[in-house]
Amino acid sequence: MSPPERRLKSILHTLTNSSATIGTLKFGGLTYDVPQSSTPSRLPLMKRRDMLDPQGAVNAAHLYFLFQKFLLGQDVFLISQPGPYARRLALTFCSLINSEYEYISLHRDVGETELKQGREIRSGGKLAYVDSAAVRAVKFGRILIIEGIEKAERGIMPVLNNLLENREMNLDDGTHIVHADRYALMGVGKDPTGKTFIPAHKLFRVIALGVPVPPYKGFPLDPPFRSRFQARFLDSVGPLVTLSKAPSLKFDASSASASISAPTSDSTSTTSLLSKLRNIILSVQYASELRNPLDNLARTTLPPFPQTSLQKLTQLFSLFPPPDDDDNDPLLPSHLARLILTIHPFLAHAPFEAWAQLSHQFEKNGLGALPAPASPPGLEDGSGYFGYRAVAITRADPQAQTAHVLFERPGGSPVLSVPVPAGPRALPPFPPKSSEGLVVSNRFFGLLTVFLQCHALGWDISYVPPVVPSTATCSTSLLVRTFAEVLGYEVDTVHLYKELGGREILMRRKIENEGGTSWEPSPLVQGAWAGRLVHLSSLDVIGPTAGSIARLLQDREIELWEGKRIVASASKEELSHDTLSTTHPSFRIIATASKSSPLKDWLDEEHANMFFTVPSLPMSPTEEYTLLAHTGAPPELITTLLNFAEKYRSMATSDAAHKNRKLGTRSLFRIARRLAMYPWDDDLYTILGRSLLVDFLPATERLSLDALFGECGIKEKTALYNPPPSPTDKGLLFFPEASDPYNKTKSVFIPRFDTTHDPEGVASHVPYMDHFYDNSLQTGLMRDIAIDLEVLKEHLVLLGNQGVGKNKIIDRICQLLGRPREYVQLHRDTTVNQLMFTTHLVDGNIRYIDSPLLRAIIYGRAIIIDEADKAPEHVVAIFRSLASQGELSLADGRRVRMDRQREDDVVVHPNFRMILLANRPGYPFLGNHFLQVLGDNFSCHSVSNPDVQSERRLLAQLAPDMNEDLIRRLVGAFQDLRKGYEEGSLSYPYSLRELINLIRHMRAYTNDSLETSLRNVFDFDVYRPETTETLFKILEHHGLKVERVGLDAVREDRKEIKEISFEPKGPKELNEPKFGKEDPKNEEHSGGNTWAGGTGGRDTAGLGGRGGYMRLFTGHNVKQVSDELKEKVPDHIREQARQMAREELARRLEELNLSKNEAKGYSHLLGAVDSHISRLLDLLENLEAKEEERVWVKRQTDGELDDSRLADGLTGEAAVYKRRGMAKPELGRPQIKPKRIRFLFDVSGSMYRFQYDGRLQRSLETAVMLMETFDRLSNKQKYVWDIYGHSGDGSSILLLEAGSTPDISERWKVVEKMEMISQYAFAGDYTVEAIEKAVTQVAKYDADDWFVIAVSDANFARYEITAAELKKSLYRDPKVKTALICIGEGAEATWIPKAFPGRGFRVANTHDIPNVLRSILSDMIS
């Protein structure tokens, strides 16, 4: 016998279990005595369709490897493409050797408790330790399967290192697991100190499952952890083919169970089509594995198909065979495009080049070119996949949860009857009929048919939103509700939010009455047991955590608490174990997204393998018109609305749509309802502007929107005067008609709150205001708010700058309506749990006290949710479902619902309203983009400062005894201050609040000068000379006589209040100006003429003295000589000082390498954009601070107690605290790298030739703005930028090299070079070539983001530059964000913004160039 054979025999002898065996396994020349299971409930109990065939060549090779490693006592790491294959391979191996197993699904919230021991308090207060799956596996000799290694944070997996290496682990209950051989040598289970030792079972093994990182998202393997495994890579093609050969599920309605049959096809053409599609999929897989590293880095590469794609395709062809080629209704390329997006959903957000590559493969195989994936057609006739159409649904057995769906085949084939699971409720008539709020169009019915087909195949469904979220409605909620109704399902909606961990999705802590702790199932698990339809709403917000339930979706199995688990099927004997339960055959999941984040952030291979993804399809204009017409709104207004909406949606780019308001169908429906009820109020400009929050759009988008309004014939109307409202004795709030010269307006009556609905609230929760200064603008706003609240019954969002009266307006309207209201203020630390209830620990028991939000829901009050933009977006997201469906899932297990379905449901009172208050989005408030997560479920109102007349009337009421002319001038000045903020010359949005406080001060302290009073407002900006200069000009323009503002005013004010005169001792005569000696100790010097930097002296450089030639501040208090002494300086001394000052200035200019004229020229350019520089600098600096903003880091061992983990704290769990810390990067997020930016300026001859309109001057100013801003940044490494020019002489003229740090002289040379090049350049234009070259060069840089911003005054018609050429250059590389600013003749090309929405901008007024470029840059980077 050879040495290896003797070694193998020895290992086999060691592994032989002393328990009884059930037989001998022979595999590839190796044999193994298969032991009998001591706990059969821990054996694999998967459905036969999910078990892999051990005889298959691919499976057998992998199983043999696992068998070899098992016999050697080694742990294995299976590396594969995302999907169920690796897990099923591990479970098949366990079944093959009859091994019990334990399973752990990792996610980012897994901690030491889940890997070692948990704690529970039993009845009577006794503490019990509960073994984790890993500990149970090592104790009882089971195989531990750990899935999702790439999702675990690096600090967690080392917990298992010693267990993997030495089979040792110290447990919290005081026991110690040791290696079996060491235990045998010890001879006893305790050592002299009383420690208990447990031997690690000899059959304990670990099979880890993970994906390769990169190319997939995840954390890299910790080297010590990696070194303890034997690796096996499962190539992508083998699993793809193997899973496709698995038998398909056929549901038996007679027995309410599933049967299995092999995939079949009923025609040669079907087999041929399937074969072609299969070849295309496999060729893509092979190509993805043969790529070189550079190809893998390219973003245009066609990504491989998901692991289950071929399986889905085969099952679909088997149950719903497509029409033959000779049918009257053949399969079109559009049907194939929808099919491809179903099995490969993340192609929807892949670059178009990837889709083009796939389309080319289809053409090569004779299947025709695929249409664009943006909005795949194929449902216009109401049919689903392959032209099938659902025609009837019948109940097979009234007592069973089953049904038959009858599908009408295409081409006149016989009707296909498919048995499907169903719910227990009575089935309504089918097909469903249109009703109020539901239009059963061909689109809707086609999607419903697709849902039914996916359901018949046995898959859960994910309804994927469009790539560009600004579309008409996709009927998400209606589809889910209708699907449930036609199949008799009871729906459990689980509203997911970011704070949820993988464990909380399945179970939650519970504290019994006697103080003991236990677990209870989540709605998802309850739905699995009861056979319900579970709607997972907002699955996208939990990110990779969704993968923790992949096994439940793919295998219908999941691990629960304390060793309990759900399996797909089990015998009665197996179910006798209280640890086992089964999923109901009717259980189904439908997942939908919140649309708050781009598809690329969450729609990946893992998601595609978990669900049968269904691409959504927005409403067509015809369908939208039908829906809006049901409101009774005038048809001509509906047509105008839809025309505007179609154009607006086409303007919205994918990135911008996630920041700005979407004009969805729900918003249009709200507008149409209002027009139907108040047809005289048809000012669409105001109504649409309110819905889109036009007042707060960036300058570039506002320009485009104004043009769009004009194109659609929607004109701005003159604002009307609105008289103040008054209550009537009939329980109504009366808003008189506005002063309209055309007599179109009418009075509005709003019903006041019925006090009998909430007597307690009326007594204690109605706000009281002893004074409110009525004005026209706010009265009109209150009328619109009252209509929304009480007539249309909408929830509201009020956005505005600080100090415009948002809270006062709402309190006033609640006071007039007699409406009780609750109040809650959000902040950065607000959690979802805090919004639901307050947690208290009373006598060892946790008690929940309803929050103001829940009280408002129960009693029908309005709740004011203030500072909504300051809370994390995932917190604000819970208001979305509450507003749209009246639903919310509470952390204590209760549900908020519109009607009571279960005993503990919290029913939404019909009077309940939410009113969210927030500051405007963007700079300088830097709040979160919470509007994107709210969708169209709230009626939006922008609250602006009052107009001139309203503001004057308001202030006149506040200060009736004050000079009317002074009020008029102050109002005019503040109006211009706000205008300066909008235009970018000021960085602060001065509000009504500041003006009111100013008036109150002036009224109370009449002896204070205007300068002193203004300091209340303007002292914030004393160190902003560019701001104080603008302030002074505005005040002077309005006749407000002030001699100084800013720092000068502060010093003058100080002199007026405390006049301190300094009389120096000693001689006072003047000699000649000089610099003076520098004190190395920098001590304070006053008087005299020796030291430089002194104060109150003579001759020397310093402050507060006389006779010197320059000011010099060294940090000491200033002692100012009297004006009398200063006036006594002789003229020749003054002239000598001036001459020395001029010489010193010349010397400094020489140091800067600037002449006096150059310095003057640069100062002129700098002064023109100083305010823009400050604003852009503030934004970039604050943006960086926001990126580094700290968040609550949970599962800490010290810090502040986390109220969501109080129950864990009772059991003795240590990691129940939270601390502020840096947010952990999302899974797979790259390290922060610089942002690469190139600015392209037009320096062609036409810039010089036509400079009379200011184009050249503004371009030079813009260049100065950019150079100064980036030079002043505190973290210059964050941006790598350069400036290039383009002219008729070339497309790439270097003006400022990347990485350079130019001083003032070099910055001047850049602008001087720009002017000189334009002066001598030949005619011609290289705009397109310049952009192409810039995009190519910028894309090569290893960066976090890439930007190219180009300025051009090209006459596109003259140089025959087409939209196609520009588009090719602007969209040359998908990762590079580009923008083209057209000025001069270029601005005359009206098609630019339409052809390139979000990238092309026309600037007719050259004065706006700096403002527009700053706005574009700010929007791009933020």
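Described below are features of the structure shown in this document. If you're wondering where the values come from, they're calculated on a predicted model, not measured in any experiment.

Notes on the overall build of the chain
Move 1: A count of helical and extended segments in the chain gives 52 helices and 51 strands.
Move 2: Classification of the 1422 residues of the chain by burial places 56% in the buried group.
Move 3: The contacts of the chain with a sequence gap of at least 6 include a subset with a gap of at least 24, amounting to 72%.
Move 4: Accessible surface computed for the chain: about 60300 Å², of which carbon and sulfur atoms make up 51%.

Observations regarding the pairing of strand β18 (residues 461-464)
Move 1: Of the two faces of β18, the one carrying Ile461 and Tyr463 and the one carrying Ser462 and Val464 are both buried.
Move 2: Here β18 pairs with strand β26 (residues 588-592) via three bridges, running parallel. Looking at the pairing, isoleucine 461 lines up with isoleucine 590 of β26.
Move 3: Where β18 and strand β27 (residues 612-615) come together, four bridges link them in parallel fashion. By the bridge assignment, isoleucine 461 is partnered in β27 with phenylalanine 612.

What to know about the packing of helix α38 (residues 992-1004) against helix α39 (residues 1010-1018)
Move 1: Orientation of α38 relative to α39, taken along the N-to-C sense of each, is 145 degrees, at an axis distance of 9 Å. The interaxial crossing formed by α38 with α39 has right-handed handedness. The segment α38 lies against α39, with Glu994, Leu998, His1001 and Met1002 engaging Leu1010, Ser1013, Leu1014, Asn1016 and Val1017.
Move 2: Residue composition of the contact of α38 with α39, grouped by class: five nonpolar, three polar and one charged.

Structural notes on the pattern of salt bridges
Move 1: In the structure shown here, the tally under the stated rule is 61 salt bridges.
Move 2: Here glutamate 114 makes a salt bridge to arginine 503, at a shortest N to O gap of 3.5 Å. Within this pair, whereas glutamate 114 is found in helix α4 (residues 112-115), its partner arginine 503 is found in helix α17 (residues 502-506), the two being separated by 389 residues in sequence.
Move 3: One salt bridge connects arginine 649 with glutamate 624, and the closest N-O pair in it is separated by 2.8 Å. Here the residue arginine 649 occupies a position in helix α23 (residues 635-651), and glutamate 624 occupies one in helix α22 (residues 621-629), the gap between them amounting to 25 residues.

Describing the packing of α23 against helix α26 (residues 684-692)
Move 1: Across the interface, α23 lies against α26 with an axial gap of 12 Å and an inter-helix angle of 40 degrees. For the element pair α23 / α26, the angle class is oblique. The crossing of α23 and α26 is right-handed. Across from Leu637, Thr640, Leu641, Phe644 and Tyr648 in α23, the residues of α26 making contact are Leu684, Leu688 and Leu692.
Move 2: Looking at the contact of α23 with α26, its residues break down into seven nonpolar, one polar and no charged.

Describing unusual backbone geometry
Move 1: Residue proline 431 is bonded to the preceding phenylalanine 430 through a cis peptide linkage, with omega at 0 degrees.
Move 2: Positive phi is not limited to glycine here, since asparagine 98 has a value of about 55 degrees.
Move 3: Its location among the elements puts asparagine 98 in the loop between α3 (85-96) and β4 (101-105).
Move 4: A positive phi angle is found at phenylalanine 386, which is not glycine, with a value near 60 degrees.
Move 5: For phenylalanine 386, the position within the fold is in the loop between α14 (352-364) and β15 (389-394).

Procedures and definitions
- Along every chain, residues carry numbers that run from 1 in the direction the sequence is written.
- Given that the model is predicted, a residue must reach a pLDDT of at least 70 before its local features are reported, and side-chain atom pairs must reach 80 or more before they are shown or counted; all residues, however, enter totals for whole chains, interfaces and linings.
- Excluding hydrogens and water, the side-chain values take into account all heavy atoms of the structure.
- Starting at the N terminus, helices and strands are each numbered in turn, a helix being any DSSP run of H or I of at least four residues and a strand any DSSP run of E of at least two.
- In this scheme, a residue with accessible area under 20% of its type's maximum is buried, one over 50% is exposed, and one in between is partly exposed, where area comes from a 1.4 Å probe on protein chains only.
- Whether two residues are in contact is decided by their heavy atoms, any of which lying within 4.5 Å being enough.
- Computed with a 1.4 Å probe, the accessible areas rest on the Shrake-Rupley method; for each residue, only the protein chains presented here act as cover.
- Two strands make a pair as long as DSSP finds a minimum of two bridges between them.
- Every angle, taken between N-to-C directions, lies between 0 and 180 degrees, and every axis is a line fitted to C-alpha atoms, over only the stretch in contact when it is a helix.
- A clockwise turn of the near helix away from the far one marks a right-handed crossing, whereas an anticlockwise turn of less than a right angle marks a left-handed crossing.
- Each residue receives one of three labels: charged for Asp, Glu, Lys and Arg, nonpolar for Ala, Val, Leu, Ile, Met, Phe, Trp, Tyr, Cys and Pro, and polar for the others, Gly being one of them.
- We count a salt bridge whenever a side-chain nitrogen from Lys or Arg sits within 4 Å of a carboxyl oxygen from Asp or Glu.
- Between 65 and 115 degrees an angle is taken as roughly perpendicular, under 35 as roughly parallel, over 145 as roughly antiparallel, and anywhere else as oblique.

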